[in-house]
Amino acid sequence: MRHAPPAILTHNVSVAFDGKPAVSGISASFPDCAINAIVGPSGCGKSSFLSALNRLNESVPGCKVDGNIELFGAALGRFAPNREELRRTVAMIFQRPVPFPLSIRRNMEIPITEHYGRNRQETAGRCEAALKSVGLWGEVENRLDMPATQLSGGQQQRLCLARALALEPRILLLDEPTSALDPMAAGLIEELLRELKSQMSLVLVTHNLAQARRLADTVTFFWMKDGHGYVAESGPADTLFNTPREDVSRAYFAGHIG
Ligand SMILES: Nc1ncnc2c1ncn2[C@@H]1O[C@H](COP(=O)(O)OP(=O)(O)OP(=O)(O)O)[C@@H](O)[C@H]1O
């Protein structure tokens, strides 16, 4: 029986800035329909690695990415022929929500019409469905023309999620998506991520080990050596949290270091 390839498979990936490696030798596998947490101390290159997965750091001056990245068994360039298509299918959510400085409606309409065309009825339907999927529709349906920046931080983050989900991504990259939110808003996002994993692969960079314990199916643990990050250990969340193999993982997950 042939097994489906993982959503993301990396081999020997490194990311360097001005010749100085931030991470090196990253070989990792992230299954589909799962929440894959990347954890590790500050500065070990988690965000740099995450951004390489949809070529976001290509536009950073002095940044160089090496190694192989495959998405669903296809090389990155074959999986998505251009950057726009890649960013649609491999969407990214950041620590601080970044809505466009426009109305809630325009925030949704712009990406939807860019991708699906200008049919007004279809656009309105996609907008409503995406806002419903993040539980925001009931909160904003009567004020869609209000500036998105007037929403609370948690609502803005859910709007950014809705904007990404409207384009039906297959992979969702999340860089500390709840660390700027209050516990209630963070809880709503966590609930959403749990629901979304039936439809896609999620890669979640988090500092918050309690969050990783609550959400993760797999864990990839980054640590630092010789001034750059590397994967110290990875595997099913249960194994990493309960019976880690490496001394450094045991110490980190017990809260003794990092
Ligand atoms: N745009 C950039 N230009 C130069 N160096 C950078 C840039 N972005 C990241 N770095 C460097 O790469 C290294 C890894 O940073 P990165 O943000 O990826 O780590 P991280 O594990 O995500 O950290 P944190 O958990 O604090 O967000 C750091 O030394 C950082 O200074």
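Residues numbered from 1 in each chain as written. Predicted model: local features only at pLDDT ≥ 70, side-chain atom pairs only at ≥ 80, totals over all residues. Heavy atoms only, no water.

Topic: the overall build of the chain
Counted only if it meets this: Elements are defined by DSSP. Helices are runs of H or I of four residues or more, strands are runs of E of two residues or more, and each kind is numbered from the N terminus. Our radius of gyration looks at C-alpha atoms and nothing else; its globule reference is 2.2 Å times the residue count to the power 0.38. Between buried and exposed lies partly exposed: a residue is buried under 20% and exposed over 50% of the maximum accessible area for its type, with that area taken using a 1.4 Å probe on protein chains only. Contacts are assigned to residue pairs that have any heavy atoms within 4.5 Å of one another.
Helix and strand content of the chain: 11 helices and 10 strands. Over its C-alpha atoms the chain spans a radius of gyration of 19 Å, differing by no more than 12% from the 18 Å that the globule rule assigns to 258 residues. Dimensions along the principal axes, computed over C-alpha positions, put the chain at roughly 55 × 45 × 40 Å. A burial count over the chain gives 50% of its 258 residues as buried. Contacts spanning at least 24 positions in sequence make up 68% of the contacts within the chain whose residues lie at least 6 apart.

As for the pattern of salt bridges
Pairing of side chains with opposite charge becomes possible as their charged atoms draw close. For the record, the criterion: We define a salt bridge as a contact between a side-chain nitrogen of Lys or Arg and a carboxyl oxygen of Asp or Glu at a distance within 4 Å.
The full count for this structure, using the stated rule, is 14 salt bridges. Residues Arg245 and Glu246 are paired through a salt bridge, measuring 3.5 Å at the closest nitrogen-oxygen approach. The exposure class assigned to Arg245 is exposed, which follows from its relative accessible area of 57%. A network of salt bridges, in which partner residues are shared, links Arg55, Glu58 and Arg83.

Thoughts on the pairing of strand 7 (residues 171-175)
Stated formally: Following DSSP output, two strands are said to pair if at least two bridges run between them.
Burial within strand 7 is extensive, with 5 of its 5 residues counted as buried. By the alternation rule, side chains of strand 7 split into Ile171, Leu173 and Asp175 and Leu172 and Leu174, which are all buried. Where strand 6 (residues 90-93) lies against strand 7, 4 bridges are found, and the strand directions are parallel. Its bridge partner being in strand 7, Val90 is matched across the sheet by Ile171. Strand direction decides the pairing type here: strand 7 and strand 8 (residues 201-205), joined by 5 bridges, are parallel. For Leu174, the partnering residue across the bridge sits in strand 8 and is Leu204.

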